[in-house]
Amino acid sequence: MASLDDKWKAVDNFESVVVVDRERDVVRVTKELYDLHSNREQLRGVTSSCNYRLTIPFAPHMFGSGKTTFARTYLELVQRFGETSLSTFASDPSRRTFLEKLKRASLLFVDLRKLEPTEPKERNLKWAVYYLLIKAACSQVGAEILRKKEAFEMVDMEPSNLVPLLRDILRIPSDQYLLLAFDEVGVLDTNGILFELEKNDKGVVRPYNDFFGIISQLCKEPDLFFIVVGKSKGLSIKNDVAFGLSRVILHFIPLSPFDASSIVEFLEKTVLKAPTQVPVCNVLCSSSFSVNELADSLLECTGGVPGLLTRAVNMLLNYIIARNQPFISKEECLTCMNDYNFRRICAEPFVERILNLDEDRKSVFDILLMMALYRIPSKVDDRLTSESFLYDAVTEMGLYRYPIDENTFQVLIPKVFVVIFKNDPSISSLEKILLGSLDLEPVDCFFYSKCRVFEGIVALRLVLMLSSKNRNELRELLCQLSPIWKQMKLPISTISPIHYIKSVVSSRETRSESNKSRRTFANTEWNKIIRETLYLETIYIPLDATSHSPDIIFKLQSPVEPKVLTVGVACKGRWRSEGIGWSDIIDEAKKFLDPVYDQVLSSAMDYHHCMLIIVSTKLSLNVSNELVPDNCELVILCERDVQMLIDKEILNGLERAFCVSHNPTFWDFGLDLLDRIRNSFLSWQ
């Protein structure tokens, strides 16, 4: 029997990754390159026009986001999408001519990790970059690398000498397009101190200004183009370069995580290493387990992050090849990917950064968790402080972004990270609950709404209040009115994740579509949640009742008695001027509680209980067990009751945010509000 380490070994089992998706990225980068091409005369000062500012495609993304692969394969993708995604771009003759030449372009890939001071101008960054380009060109064609002194004499620090030399080394004609792709630009954060750099008007050295200043001079040379990628504080660099010494605009390449359909394409086009050359989906899938189900499973685990996806597929292949039998069901595949050791080994190379952060930066981790859980979008230029951008904080912490549009993104925390984060001794109880909830909910399924955020805060406050040793007026009142609360012997001992279950879109829709359309749970999905999350038996919720079901469910365990309480939280009538009537509340409660009782509690042990908490505005706190089934209770919280649970300023802040939009951004919420919400949670730990 193989050991656990052998079972989940991340060995490369397939050929170099096939590039999938990326149509949108290719179109945007191609447009920027065309703008440089059509405005190059302005840069050279040949024309009197001055309405163009040099723009460089730039991907400041985290490890595993696909930036290096994109830079290496961009020209291949241009050829692939030339007759599809790029056909609209090439609708006029000048663009069509440009695109045809771009398809025949040559690529010079340059790894900036090899950048170092070089004789005879040892601390001159410009010469170091030039000589690195020369070495990269020689290595690419297998030519002998020019000696430093010889190369310096030939180039004489002039772009007009360097570019012809590169073309000679690469053996390409003078009128053929040449794309220079710089990788690992983030190395300038540390290696920049090795060079003598310019200072701005405040006497501060900014290595990226010098680097992009060098590129801006090279951009004046005909038929030369650039892409720059690498882990870095992208927004800080973008702003500094745009308004600093180099005056260059950096255009972010989104590099979205893959959706399910892109993962299907990846699995179908990627093949095992020679000599077998079998598509990996044929190895992993049996006749009873489709490639679409495998893609959905991988999306759940990795969030569609290309590097994580590649590593997870390699680990699954190693496991399946060793046992010589494919997966027979989605449940079997997910069981493997939910295994602690699978997740630990898969995530290890990706989470090193966040585990080694200083306390100041870690202090915003719970805010980013709330943004990921509640699907709070952020604008690219939103700030955490006057000196810190949220966009860069996500990168610094080793997390990912899912772009909604050109200027808006959501924080993405892949599920495979959760097990490592939860085992970090510095993680708080609040962060463990948030991580547990992220781990439970589907990656691609939630419609964002004020009910989701409000009910999430209510549920979190309840769980933390009930698990705290500190007494609270609302908790005391609940214990007086509710036999179940009293029997639970608060505070509770085990905190379970909070499960968000409303407004699920179909699994085949993309993330961008999930903000536009929604549906409620089908019967089988309800069954799965109740069975797997709440550790109860299968429950059939009538189809016409699903829109009236609680939006959030969590489970409580008594510390001294064998009492298990399933709690549902629903917001009803809070944002309706007429509120909601008592008969409507009873009707909605019975549509959830009756099936739970009929199918589980009626035949379960006495220690199983179920409670529905309805948050309304018109009715005062009430606990009822007369109009609902045995072992069930209905709790109604009015506005006054809610204010015992949630600070009034928080409630007002939520009202203001959602008055702005049905889908308010981080800016609409404001850091102060999210910080106040976070502190209110921490006060109960």
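Residues numbered from 1 in each chain as written. Predicted model: local features only at pLDDT ≥ 70, side-chain atom pairs only at ≥ 80, totals over all residues. Heavy atoms only, no water.

In the annotation of an unreviewed UniProt entry, the protein chain is listed under the name Archaeal ATPase and assigned to Galdieria sulphuraria.

1. Digging into helix α16 (residues 330-337)
What counts, and what does not: Here the term buried applies to any residue with accessible area under 20% of the maximum for its type, exposed to any over 50%, and partly exposed to those in between, with areas from a 1.4 Å probe on protein chains only. Starting at the N terminus, helices and strands are each numbered in turn, a helix being any DSSP run of H or I of at least four residues and a strand any DSSP run of E of at least two. Throughout, the arc means the angular range of directions from the helix axis out to the C-beta atoms. Should any heavy atoms of two residues lie within 4.5 Å, those residues are counted as being in contact.
Residues of α16 that are buried include every one of C333, L334, C336 and M337, and no others. Across the axial projection of α16, the buried residues extend over an arc of 155°, all falling on one side. Summarising the geometry of α16, the exposed residues directed more than 90 degrees from the buried face are E331 and T335. Residues of α16 that are buried sit in contact with α14 (291-302), α15 (306-323) and α17 (340-355).

2. Brief notes about the pattern of salt bridges
In plain terms, the rule: By convention in these notes, a salt bridge is any Lys or Arg side-chain nitrogen within 4 Å of a carboxyl oxygen on Asp or Glu.
Taken as a whole and assessed by the stated rule, the structure comprises 20 salt bridges. Taking the shortest distance from any N to any O, the salt bridge between R123 and E196 comes out at 3.7 Å. Highlighted residues: R123 in the loop between β2 (106-111) and α6 (125-141) and E196 in the loop between α9 (188-191) and α10 (207-218), separated in sequence by 73 residues. Residue class for E196 comes out exposed when judged on its relative accessible area of 59%. A salt bridge links R678 to D675; the nearest nitrogen and oxygen atoms lie 2.2 Å apart. Here the residue R678 and the residue D675 both occupy positions in helix α32 (residues 671-682), the gap between them amounting to three residues, near one helical turn. With a relative accessible area of 11%, R678 lands in the buried category.

3. Here we look at the nonpolar core
Put simply, the rule reads: The criterion is simple. A nonpolar core is a set of buried Ala, Val, Leu, Ile, Met, Phe, Trp, Tyr and Cys residues joined through side-chain atoms within 4.5 Å. Note that domain bounds follow an automatic or database assignment of domains.
Ranked by size, the top nonpolar core spans 220 residues in total, and within it Y74, F182, F212 and L267 carry the most contacts. Tallying contributions element by element places α6 first for this core, with 12 residues. Three or more residues apiece are contributed to this core by two domains, here domain 1 (23-250) and domain 2 (443-505 + 534-644). Dropping the residues within four chain positions of it, Y74 is found in contact with V26, V29, T30, L33, L102, L179 and I227. I553, V596, V628 and C632 belong to the second largest nonpolar core, which has 18 residues in total.

4. Overview of the packing of helix α19 (residues 365-373) against helix α22 (residues 429-440)
Keep this limit in mind: Interaxial angles span 0 to 180 degrees and are taken between N-to-C directions of axes, which are lines fitted to C-alpha atoms, for helices over the stretch in contact. In what follows, roughly perpendicular refers to angles from 65 to 115 degrees, roughly parallel to angles under 35, roughly antiparallel to angles over 145, and oblique to any angle outside these ranges. Crossing handedness is read from the near helix: turned anticlockwise from the far helix by less than a right angle, it gives a left-handed crossing, and turned clockwise, a right-handed one. Classes in brief: Ala, Val, Leu, Ile, Met, Phe, Trp, Tyr, Cys and Pro nonpolar; Asp, Glu, Lys and Arg charged; the others, Gly included, polar.
Where α19 contacts α22, the axes come no closer than 10 Å and their chain directions differ by 25°. In terms of orientation, α19 lies roughly parallel with respect to α22. Once α19 is placed against α22, the crossing between them reads as left-handed. The residues of α22 that touch α19, namely those facing F365, D366, L369, M370, A372 and L373, are L430, E431, L434, L435, S437 and L438. In the contact of α19 with α22, the residues fall into nine nonpolar, one polar and two charged.

5. A word on the packing of aromatic side chains
Using the following cut-off: The rule is short: rings of Phe, Tyr and Trp, with Trp giving its six-membered ring, pair when the centres are within 6.5 Å, and they are stacked under 30 degrees, edge-to-face over 60, tilted in between. Only Lys NZ and Arg CZ are tested; either one counts as a charge over a ring when it is within 6 Å of the ring centre and within 35 degrees of the ring normal.
Overall, the coordinates contain 23 aromatic pairs when judged by the stated rule. The interplanar angle of 70° and the centroid separation of 5.9 Å between the aromatic rings of F98 and F225 together place this pair among those described as edge-to-face. Linking F98 in helix α5 (residues 93-103) with F225 in strand β4 (residues 224-229), this pair joins segments that are 127 residues apart in sequence. In this structure, R40 packs its charged tip against the face of F225, placed 4.9 Å from the ring centre. Stacked on the ring of Y391, the Lys or Arg R401 has its end atom at 3.7 Å from the ring centre.

6. Observations concerning the sheet that holds β4
Think of a sheet as strands paired side by side through backbone hydrogen bonds, with each pair either parallel or antiparallel. Defined as follows: Should DSSP find at least two bridges between two strands, the strands are regarded as paired.
Taken in spatial order, the five strands make up an open sheet running β2-β3-β4-β1-β5, and their pairing is parallel. Of all strands in the sheet, those bounded by a partner on one side alone are β2 and β5 (249-252). Going across the sheet, the axis of each strand differs from the next one's by a mean of 30°, ignoring polarity. As paired strands, strand β3 (residues 178-183) and β4 are joined by five bridges and run parallel to one another. Counterpart to L180 in the pairing with β4 is F226. Seen against the sheet, α10 touches β1 (55-59), β3, β4 and β5 and runs at an angle of roughly 160° to β4.

7. Describing the side chain of N39
Worth spelling out the cut-off: Two N or O atoms form a polar contact when they lie within 3.5 Å of each other; inside protein one atom must be a possible hydrogen donor and the other a possible acceptor, and for residues adjacent in sequence the pair counts only when both atoms belong to side chains.
Relative to the helices and strands, N39 resides in the loop between α2 (23-38) and α3 (40-44). There is a polar contact of 2.8 Å between the side chain of N39 and the backbone oxygen of D35.

8. Looking at empty space enclosed by the protein
Heads up, the rule is: Residues are said to line a cavity or pocket when one of their atoms sits within 4 Å of a point; the points come from a 1 Å grid over protein atoms alone, cavities being sets where a 1.4 Å probe fits but cannot get out and pockets being open sets with protein on both sides within 12 Å along at least five of seven lines. Grid points are joined across faces, edges and corners, and a volume is the space filled by probe spheres set on the points.
Inspection of every chain in the model, using the stated rule, returns three cavities of 30 Å³ or more. Estimates place the volume of the second largest cavity at around 100 Å³. What lines the second largest cavity is simply H61, M62, S65, P254, L255, S256, P257, V305, P306, L399, Y400 and R401.

9. Re the environment of E76
Checked against the element boundaries, E76 lands in helix α4 (residues 67-80). Given the relative accessible area of 42%, E76 is considered partly exposed. In sequence terms E76 and K103 are 27 residues apart; their C-alpha atoms lie 7.9 Å from each other.

10. Brief notes about unusual backbone geometry
Between E119 and P120 the backbone carries a cis peptide bond, its omega angle lying at 5°. When you line up the elements, P120 lands in the loop between β2 and α6. One non-glycine residue, R22, adopts positive backbone phi at about 70°. When you line up the elements, R22 lands in the loop between α1 (4-7) and α2.

11. A look at the sheet that holds strand β9 (residues 400-405)
Strand order in the open sheet made by the three strands is β6-β10-β9, with antiparallel pairing throughout. The sheet is open, and its two borders are formed by β6 (378-379) and β9, each paired with just one other strand. The sheet contact formed by β9 and strand β10 (residues 408-412) spans five bridges and is antiparallel. Opposite D405, over in β10, you have T408 as the bridge partner.

12. Concerning the packing of α17 against helix α21 (residues 415-422)
At a minimum axis separation of 7 Å, α17 and α21 run at an interaxial angle of 75°. Classified by the interaxial angle, the pair formed by α17 and α21 is roughly perpendicular. Residues Y340, R343, R344, C346, A347, E348, F350, V351, I354 and L355 of α17 form the contact with α21, whose participating residues are K415, V416, F417, V418, V419, I420 and F421. Broken down by class, the residue content of the contact of α17 with α21 amounts to 13 nonpolar, no polar and four charged.

13. A short note on the pairing of strand β15 (residues 608-615)
Most of β15 is tucked away: eight of the eight residues are buried. Side chains H608, C610, L612 and I614 project from β15 onto one buried face, and the interleaved H609, M611, I613 and V615 project onto a second face that is buried too. Looking at chain direction, strand β14 (residues 564-571) and β15 are connected through eight bridges and run parallel. Bridging across to β15, C571 finds its partner in V615.

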